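Residues per chain are reported as follows:
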Amino acid sequence: MKRSRIPLIVAVICFVFLYLPIIVLVINSFNGSRFGSVWGGFSLKWYARLFSDREVWFSLRNTLIIAVSATALSVVLGTLAAFALHRYKTRLQVLHYTLIYTPLVVPDILMGMSLLLLFVSVAMPLGLFTILLAHVTFCISYVAMVVLARLQDFDWSLMMAASDLGAGPWTSFRRVLLPLIMPGIVSGGLLAFTLSLDDFVITFFVAGPGSATLPIQIYSMIRHGSPPMINALSTLLLVFTFTMVWTSQRLMRRTT
Amino acid sequence: MREWLTSLPSFIWLTILFVIPTVLVFAVALKPADPFGGVGAGWTLDTFRDLGDPNYPAIVWRTLWMSVVATAVCLAAALPFAYYIARSDERLRPVLLMAVVIPFWTNFLIRIFAWKVLLHPEGLVKRLLVSFHLVSPDVSLMYNEGAVLMVLIYTYLPFAVLPIYAASEKFDFRLIEAARDLGCRKWRAFYSVFLPGISRGLWTAALVVFVPALGSYVIPDIMGGPASEMIGNKIAQRVFVDRNLPHASALSALLTIVVVLPMIVYLLRRGTGESGKHPVVEAGP
């Protein structure tokens, strides 16, 4: 049977559409000329300028502090939640599931706005701490969903086997369950880390003076000039993202 | 007992930082603004009366139609795209899928910026179009609804591809062959066998493009001009420009209602059973 060529053609167009802007950006980051449409020779000067920009380093520091702590907190909270959701089929868990699932489908701007109102109404000064609270809030749901998916593949009779062989509940948890669902926890954590690293809208609403994160820095660079430097920064972030995605895909494939 | 121990931490966290703030949006919308950018005492309906401002219906309408168009284009492109990936060689599939996921994991602002560079008056697309005499040199490709729409589609296309791919991959393609053997024509087999078979994926794709599109703020902010603003821009302006939190809350309340409606439709259409996975969860990192 002859298959239609339309899917192939659309797929090619879609890939060109998805990658063309990114490729142009990467090429331009090595462009000596300030203007994207003229090739001013190969140059690394935008990278040099980027590395000597103190604001960029400062915002990178903020971003990493928040991403690491938000990941740690949300992995603990999200994993616990996933256990509860998986283990108990009570009415409380139906409510719990709704509470975990809803933030996934709420537009960022609404979450940013509502958190801002909360912090304003309890007179909490905006800064790194409020950003952290906000990031943990949206990361919990993603971690819980990823770990839950992993738990659904877990064979609970292994736990019974462990206890038949004389393992206490803590030992069988630590020696049987935890190692088997670890890939889920790790990929949930990676997801939380990436989302925290990338978030702009929610952060923008709850950030205060001196707490600019990297995305906020990028936004202000986009609004107020210095395009070639953003090209260089984008290229570095692209390399980072690519490595992250590739590593975690390898990790997931080896363990499943 | 153990159930409480494992459920309570996330339960309490999300109640304080998600449920209460959402209720606050509706409460603050009924408060007057004070001149210092805070929230005044007492209750009022003034903020909702301000929404009667003749500018707003136009903005709400624009937000709706731009989201509908973006969703329609994303679905139309994602359907053959996902179909192609699902039918390609098994060894090729993870590679193709990763190629879809990578732009999706690229920082959101950077993807918007990449388009700004391309559509810029000095940018590549503009120069190409001018050199082929397709547009006149003084036409601006940016700061209009078309540019906003283009970047909306660019941003949300991977969101649409993933759930449709997940559904197509589970679809039994022998059903199409069976339909063809029974004398069904190609297109007929496509829309009466394949489409109903992946309907859940289609609904999820529509939801995960439509809802974030409704709440767009950065894309129209960077790519658009005053004539292509969406509700999100107005919320941000009330917060960051005139610091009128009750007004911003009223707009957010309006947006919440606009967002909840398609979600209810989705839940009713999807029926009960396992919940659709969110594409971000599905994509890994």
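Residues numbered from 1 in each chain as written. Chains lettered and ligands numbered in written order. Predicted model: local features only at pLDDT ≥ 70, side-chain atom pairs only at ≥ 80, totals over all residues. Heavy atoms only, no water.

## A few points about the overall build of chain A
Note the following rule: Strands here are runs of E lasting at least two residues and helices are runs of H or I lasting at least four, both read from the DSSP assignment and numbered beginning at the N terminus. Note on method: radius of gyration uses C-alpha positions; expected globular size equals 2.2 Å times residues raised to 0.38. Exposed residues in this analysis have more than 50% of their type's maximum accessible area, buried residues have under 20%, and partly exposed residues fall in between, with area computed by a 1.4 Å probe over protein chains only.
Assigned secondary structure in chain A consists of 11 helices and 0 strands. Order of helices (α) and strands (β) in chain A, N terminus to C terminus: α-α-α-α-α-α-α-α-α-α-α. Relative to a compact globule of 256 residues, whose C-alpha radius of gyration would be 18 Å, chain A shows 23 Å and is clearly more extended. Along the first, second and third principal axes, the C-alpha set of chain A runs to 70 × 65 × 35 Å. Burial status across chain A gives 54% buried among its 256 residues.

## Comments concerning the overall build of chain B
Filter applied, for reference: Any pair of residues with heavy atoms lying within 4.5 Å of one another is described as a contacting pair.
When helices and strands are counted, chain B shows 14 helices and 0 strands. When its helices and strands are written in sequence order, chain B yields α-α-α-α-α-α-α-α-α-α-α-α-α-α. For the C-alpha atoms alone, the extent of chain B along its principal axes is close to 70 × 70 × 35 Å. When burial is assessed residue by residue, chain B has 55% of its 285 residues classed as buried. Residue pairs at least 24 apart in sequence account for 69% of intrachain contacts in chain B once pairs closer than 6 positions are excluded.

## What about the pattern of salt bridges?
Residue and element names in this part refer to chain B. This is how it is decided: Salt bridge, as applied in this entry: a Lys or Arg side-chain nitrogen positioned within 4 Å of an Asp or Glu carboxyl oxygen.
Counted under the stated rule, the structure contains 7 salt bridges over all chains. A salt bridge links Asp89 to Arg91; the shortest N-O distance between them is 3.3 Å. The closest approach of N and O atoms between Asp172 and Arg174, which form a salt bridge, is 3.1 Å. Classification of Asp172 by relative accessible area gives partly exposed; the value is 31%. You can call Arg174 exposed: its relative accessible area is 60%.

## Some remarks on the interface of chain B and chain A
Going by this rule: Buried area is understood as the total, over both parts, of accessible area removed when two parts are fitted together, assessed with a 1.4 Å probe. We define a polar contact as two N or O atoms separated by no more than 3.5 Å, with the added condition that, inside protein, one atom must be a possible hydrogen donor and the other a possible acceptor, whereas residues neighbouring each other in sequence contribute only through side-chain atom pairs. Three classes are used, and their members are as follows: Ala, Val, Leu, Ile, Met, Phe, Trp, Tyr, Cys and Pro are nonpolar, Asp, Glu, Lys and Arg are charged, and the others, Gly among them, are polar.
Listed per partner, the contact involves 87 residues of chain B and 88 residues of chain A. Taking both partners together, chain B and chain A bury about 8200 Å²; carbon and sulfur atoms supply 79% of that area. Viewed at the interface, chain A and chain B are joined by 1 salt bridge. A:Arg223 serves as the salt-bridge partner of B:Asp221, at 3.2 Å between the closest nitrogen and oxygen. For the pair chain B and chain A, the interface holds 10 residue pairs in polar contact (both at pLDDT 80 or more). Here the element with the most residues in the side of chain B that touches chain A is helix α1 (residues 2-28) of chain B; it accounts for 21 residues. For the side of chain B that touches chain A, a count of residues per class yields 60 nonpolar, 16 polar and 11 charged.

## What to know about helix α5 (residues 108-119) of chain B
Residues and elements named next belong to chain B. Rules: To estimate how far a helix should extend, the number of its residues minus one is multiplied by 1.5 Å.
Here α5 contains 12 residues, and its C-alpha end-to-end distance of 17 Å stays within 8% of the 16 Å for a straight helix at 1.5 Å per residue. Counting buried residues in α5 gives 11 out of 12 residues, a clear majority hidden from the surface. Of all the positions in α5, only Leu109, Ile110, Arg111, Ile112, Phe113, Ala114, Trp115, Lys116, Val117, Leu118 and Leu119 are classed as buried. Measuring from the backbone nitrogen of Leu109 back to the side-chain oxygen at the start of α5 gives 2.8 Å, which picks out Asn107 as the cap.

## A closer look at the environment of A:Ala232
Residues and elements named next belong to chain A. Note on placement: Ala232 falls in helix α11 (residues 227-255). For Ala232, a relative accessible area of 0% corresponds to the buried category. Between the C-alpha atoms of Ala232 and Ser29, which are 203 residues apart in sequence, the distance is 4.7 Å. Leaving out residues up to four positions away in the same chain, Ala232 has contacts with Ser29, Trp46, Tyr47 and Leu50.

## Concerning the packing of helix α3 (residues 54-87) of chain A against α1(B)
Helix packing for two helices is described by the angle between their axes and how far apart those axes are. In plain terms, the rule: To obtain each axis, a line is fitted to C-alpha atoms, and for helices this fit is confined to the stretch in contact; angles are then taken between N-to-C directions over 0 to 180 degrees. Here roughly perpendicular refers to angles of 65 to 115 degrees, roughly parallel to angles under 35, roughly antiparallel to angles over 145, and oblique to all remaining angles. In this scheme the crossing of two helices becomes right-handed for a clockwise turn of the near helix relative to the far one and left-handed for an anticlockwise turn of less than a right angle.
α1(B) packs onto α3(A) with a crossing angle of 125° between their chain directions and a minimal axis gap of 7 Å. For the element pair α3(A) / α1(B), the angle class is oblique. Crossing handedness for the pair α3(A) and α1(B): left-handed. Mapping the contact onto sequence places A:Leu77, A:Leu80, A:Ala81 and A:Ala84 in α3(A) and B:Thr6, B:Ser7, B:Pro9, B:Ser10 and B:Trp13 in α1(B). In terms of residue class, the contact of α3(A) with α1(B) is built from 6 nonpolar, 3 polar and no charged.

## Some details on the packing of aromatic side chains
What describes a pair of aromatic rings is the distance from one ring centre to the other and the angle between the planes of the rings. Spelled out, the test is: The criterion for an aromatic pair is that two Phe, Tyr or Trp rings (for Trp, the six-membered ring) have centres within 6.5 Å, with stacked assigned to planes under 30 degrees apart, edge-to-face to planes over 60 apart and tilted to the rest. The rule for a charge over a ring is simple: NZ of Lys or CZ of Arg within 6 Å of the ring centre, and within 35 degrees of the ring normal.
The final tally for this structure, using the stated rule, is 25 aromatic pairs over all chains. Centroid distance A:Phe15 to B:Phe81: 4.9 Å. Interplanar angle 90°. Geometry classified as edge-to-face. Note that A:Phe15 is positioned in helix α1 (residues 6-29) and B:Phe81 in helix α3 (residues 55-87), a pairing that runs across two chains. We classify A:Phe15 as buried; its relative accessible area is 18%. Ring geometry for A:Phe154 against A:Trp156: centres 5.0 Å apart, planes inclined by 85°, an arrangement best described as edge-to-face. Here A:Phe154 matches A:Trp156 in class, with each residue buried. Among the aromatic residues, those joined into a ring-pair cluster are A:Phe200, A:Phe204, A:Phe205, A:Tyr219, B:Tyr217 and B:Phe240. For A:Arg87, the ring lying beneath its charged end belongs to A:Trp156, and the centroid distance is 4.4 Å. Here the basic side chain of B:Lys31 rests over the ring of B:Trp43, its NZ or CZ set 4.1 Å away from the ring centre.

## Quick word on the side chain of A:Thr71
Residues and elements named next belong to chain A. Here Thr71 lies in helix α3. Using a relative accessible area of 13% as the deciding quantity, one classes Thr71 as buried. The contact partners of Thr71, leaving out residues within four places of it in the chain, are Gly189, Ala192 and Phe193.

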